[in-house]
Amino acid sequence: MGTKIKEVRLRKKLTQQQVADASGISKSMLSKIENGQTASAIATLSKISETLEVSLSWLLDEREEQDLVLLTRDNRRARIGDENMGYSYELLANRSQLSRFEPTIVHVTPKNLNLREESYTHSQDEFIYILEGSIYLFYDGKKYFMEKGDSACFQGSKPHLFIPVDDKEAQVLTFFMDNI
C-alpha cells in the first residue's frame, strides 16, 4: 500500500510535505507509511486517498477495479490493520470509480487488547450495522451503546470511535460513502 501511495504521489508531482499537509499528518508519518514502517488508521488512509484523488479500496486492494465485483468469502483478502489501533478490517469489494461507497467489515478489537483512545475523522459519511457483538459508538462527544442488529448513519467529519464493550471482538458492517 505504501508503494502505491508513493507511486501516485510521484506521478502527480507532489512532495511528501504537500500530501502530508493536505492530509493533516506529519511528513514523517507519510514517509513511514510509504516505506511500510507503520500501520495506518483507516481515517488517515482515507485522507491520503482523498488528497491523491484515488479510492481508498484501490490503496488497500491489489485487484483491478471492475464494473461487477463478486467476491466469495474464501477469495476475500485477510484482515488488514493493526489490532492495537482498535480494529482490523476486510474490504468486501474493490470499488469501481463509478460508485460512491466502500463496503467493509470492521473487526473491533476486544477491550483487553484495545489501546486506541483517540477518535477518528474522515471526509466520507459512514453507515454502520452491527453484525456480531456490541460496541459503544463514541460520536461527537457522546457515547451510544450498539449491539447486533443495530445501525447508525453519521458524518465522518465529526469525531467518532468504535469502543469495545467487552473482551469479545465485535464485527461492524461499514459503508463509507463519498459526499456528493
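Residues numbered from 1 in each chain as written. Predicted model: local features only at pLDDT ≥ 70, side-chain atom pairs only at ≥ 80, totals over all residues. Heavy atoms only, no water.

**What about the packing of helix α1 (residues 2-11) against helix α3 (residues 27-34)?**
Alright, step 1. The interhelical angle for the contact between α1 and α3, taken along N-to-C directions, is 115°, at an axis separation of 7 Å. Residue-level contacts link Gly 2, Thr 3, Ile 5, Lys 6 and Arg 9 of α1 to Leu 30, Ile 33 and Glu 34 of α3.
Alright, step 2. When its residues are assigned to classes, the contact of α1 with α3 shows three nonpolar, two polar and three charged. (Axes fitted to C-alpha atoms, helices over the stretch in contact; angles between N-to-C directions. Helix = DSSP H or I, 4+ residues; strand = E, 2+ residues; numbered from the N terminus. Contact = heavy atoms within 4.5 Å. Nonpolar A, V, L, I, M, F, W, Y, C, P; charged D, E, K, R; others polar.)

**Focus on the pattern of salt bridges**
Alright, step 1. Tallying each qualifying case throughout the model produces four salt bridges.
Alright, step 2. Of the charged contacts, one joins Glu 34 and Arg 9 as a salt bridge, the two residues approaching to 2.6 Å between their closest N and O atoms. Of the two residues, Glu 34 is situated in helix α3 and Arg 9 in helix α1; the sequence distance between them amounts to 25 residues.
Alright, step 3. Residue Glu 34 is classed as buried on the basis of its relative accessible area, which comes to 5%.
Alright, step 4. Between Lys 12 and Glu 53 there is a salt bridge, with the nearest N and O atoms lying 3.4 Å from each other. Of this pair, Lys 12 sits in the loop between α1 and α2 (16-23) while Glu 53 is found in the loop between α4 (42-52) and α5 (56-60), placing the two residues 41 residues apart along the sequence. (Salt bridge = Lys/Arg side-chain N within 4 Å of Asp/Glu carboxyl O. Buried < 20%, exposed > 50% of the residue type's maximum accessible area, 1.4 Å probe, protein only.)

**Examining the pairing of strand β1 (residues 87-91)**
Alright, step 1. Buried residues dominate β1, accounting for five of its five residues.
Alright, step 2. Residues Tyr 87, Tyr 89 and Leu 91 line one face of β1 and the alternating positions Ser 88 and Glu 90 line the opposite face, and both faces are buried.

**Examining the nonpolar core**
Alright, step 1. Membership of the largest hydrophobic core comes to 36 residues, with the highest contact counts inside it found for Ile 5, Ile 128, Ile 135, Leu 137, Phe 162 and Val 172.
Alright, step 2. If near-sequence neighbours (up to four positions away) are discounted, Ile 5 is found in contact with Leu 30, Ile 33, Glu 34, Leu 45, Ile 48, Leu 52 and Leu 59. (Core = buried A, V, L, I, M, F, W, Y, C linked by side-chain atoms within 4.5 Å.)

**Let's talk about the sheet that holds strand β7 (residues 160-164)**
Alright, step 1. Read from one edge to the other, the open sheet built from three strands follows the order β5-β4-β7, with strand pairing classed as antiparallel. Of all strands in the sheet, those bounded by a partner on one side alone are β5 (142-147) and β7. The mean inter-strand angle of the sheet, taken between neighbouring strand axes irrespective of direction, is 25°.
Alright, step 2. Of the strand pairs in this sheet, strand β4 (residues 134-139) and β5 are connected by six bridges, and their pairing is antiparallel. In the strand pairing of β5, Ser 134 is matched with Glu 147. (Pairing = 2+ DSSP bridges.)

Keep in mind that these numbers describe shape and distance, not what the molecule does.
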